[in-house]
Amino acid sequence: MRNAAQSPWVWAPLAGAAVMQIDSWDEDVSEWARDETPIFGSEGSAQDWSDGLRNAAVAGYAVSVLATPSEAGDGGWVAAKARNAVVGVGAFAVTAGITEGLKVTTSRERPNGVDDKSLPSGHAANAAVFNTLTVHNLQAIDMNSRLRTTLEVGAGAVTVGTAWARVESGDHYPSDVLVGMALGHFVGALFAQVFLGREPDANLAFGAEPVRGGAMLHWEMRF
């Protein structure tokens, strides 16, 4: 549990969510993203992209399950794939349960005012949990290290893209999606370590450093 909690994919988003509480940054960034929609062009398009990217995370995990080699003692190909898939379903169920509990507890109104289930973002949490499990599966697949890093970066980009799309769509504040990302990664990493016996690789990580007036988050990649 400590390794999962200490991951930069957990503490960096949480730190970012805390930084967003300075003055009215959370609300200001949300309003700017909805007005400008710089990435997805419109709130409706952002909603569609958030659904598509989340589904891509699920599909990517399914592919990684099929691609992960079975080892002696796994009980056969089907049994090994089923066990890996069950881990994913379990991690998703736990993530969804915690997410819903936090939504009810916090009762934060969404930026678009649709309801009071803004914190945390379920889309971001779901994308993060499946992409985290995908990255763990990649560690068990024999491939070129550059290709593995590229796939890890892609998985991270899908998580970040899903999260930002939810901000542009007006469904969440930036802090909502950051908390969702942290939650999904924590649960995914914990399930992978406990049930699959895999430790995370350090090829891809978040970095953070303090700057005047807040903090700067950045990517760290090792090739």
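A brief report on the enclosed structure follows. It should be emphasised that the depicted structure is a prediction, and the values quoted were computed from it without experimental measurement. (Residues numbered from 1 in each chain as written. Predicted model: local features only at pLDDT ≥ 70, side-chain atom pairs only at ≥ 80, totals over all residues. Heavy atoms only, no water.)

1. Some thoughts on the packing of helix α3 (residues 25-36) against helix α7 (residues 145-168)
Between α3 and α7, the least distance of the axes is 7 Å, while the angle of their chain directions is 85 degrees. Comparing their axes, α7 and α3 come out roughly perpendicular. Contacts from V29, S30, W32, A33 and R34 in α3 reach W164, V167 and E168 in α7. (Axes fitted to C-alpha atoms, helices over the stretch in contact; angles between N-to-C directions. Helix = DSSP H or I, 4+ residues; strand = E, 2+ residues; numbered from the N terminus. Parallel < 35°, antiparallel > 145°, perpendicular 65-115°, else oblique. Contact = heavy atoms within 4.5 Å.)

2. A look at the pattern of salt bridges
Scanning all chains against the criterion turns up eight salt bridges. E43 is the partner of R34 in a salt bridge, and the nearest nitrogen-oxygen pair spans 3.3 Å. For R34, a relative accessible area of 26% gives the class partly exposed. (Salt bridge = Lys/Arg side-chain N within 4 Å of Asp/Glu carboxyl O. Buried < 20%, exposed > 50% of the residue type's maximum accessible area, 1.4 Å probe, protein only.)

3. What to know about the packing of aromatic side chains
Under the definition given, this model contains five aromatic pairs. Aromatic side chains W32 and W164 sit 6.4 Å apart centroid to centroid with 45 degrees between the ring planes, which places their arrangement in the tilted category. On the criterion of sequence distance, the pair formed by W32 in helix α3 and W164 in helix α7 is long-range, its members being 132 residues apart. Between the aromatic rings of Y61 and F130, the centroid separation amounts to 5.7 Å while the plane-to-plane angle is 45 degrees, which identifies the pairing as tilted. (Phe/Tyr/Trp six-rings, centres within 6.5 Å; stacked < 30°, edge-to-face > 60°.)

4. Considering the packing of helix α6 (residues 122-138) against helix α8 (residues 174-196)
Contact pair α6 / α8: the axes reach a minimum separation of 7 Å and the direction vectors enclose 35 degrees. Both α6 and α8 take part in a crossing whose hand is right-handed. Facing α6, whose interface residues are A124, A125, A128, V129, T132, L133, H136 and N137, α8 presents V177, G180, M181, G184, H185, V187, G188, A189, A192, Q193 and L196. (Left-handed = near helix turned anticlockwise from the far one by under 90°.)

5. Side note on α7
Under the 1.5 Å per step criterion, the end-to-end length of α7 is 34 Å for 24 residues, consistent within 8% with the ideal 34 Å. The opening residue of α7 is N144, an N-cap whose side-chain oxygen sits 2.7 Å from the backbone nitrogen of R146. (Expected span 1.5 Å × (residues − 1). Polar contact = N/O pair within 3.5 Å; in protein donor to acceptor, adjacent residues only side chain to side chain.)

6. Thoughts on helix α2 (residues 8-19)
Across its twelve residues, α2 extends 16 Å between first and last C-alpha, which sits within 8% of the 16 Å expected from 1.5 Å per residue. Buried within α2 we find W9, V10, A12, P13, G16, A17 and V19.

7. Topic: the environment of T68
Looking at where T68 falls in the secondary structure, it is placed in the loop between α4 (43-67) and α5 (77-106). As for T68 and K81, which are separated by 13 residues in sequence, their C-alpha atoms are 8.2 Å apart. Within the local environment of T68, its side chain forms a polar contact with the backbone oxygen of S64, the two atoms lying 2.6 Å apart.

8. Examining the side chain of T95
Looking at the secondary structure, you find T95 in helix α5. A distance of 2.8 Å separates a polar side-chain atom of T95 from the backbone oxygen of A91. Beyond its immediate stretch of four places on either side in the chain, T95 contacts A125, N126, V129, L183, G184 and V187.

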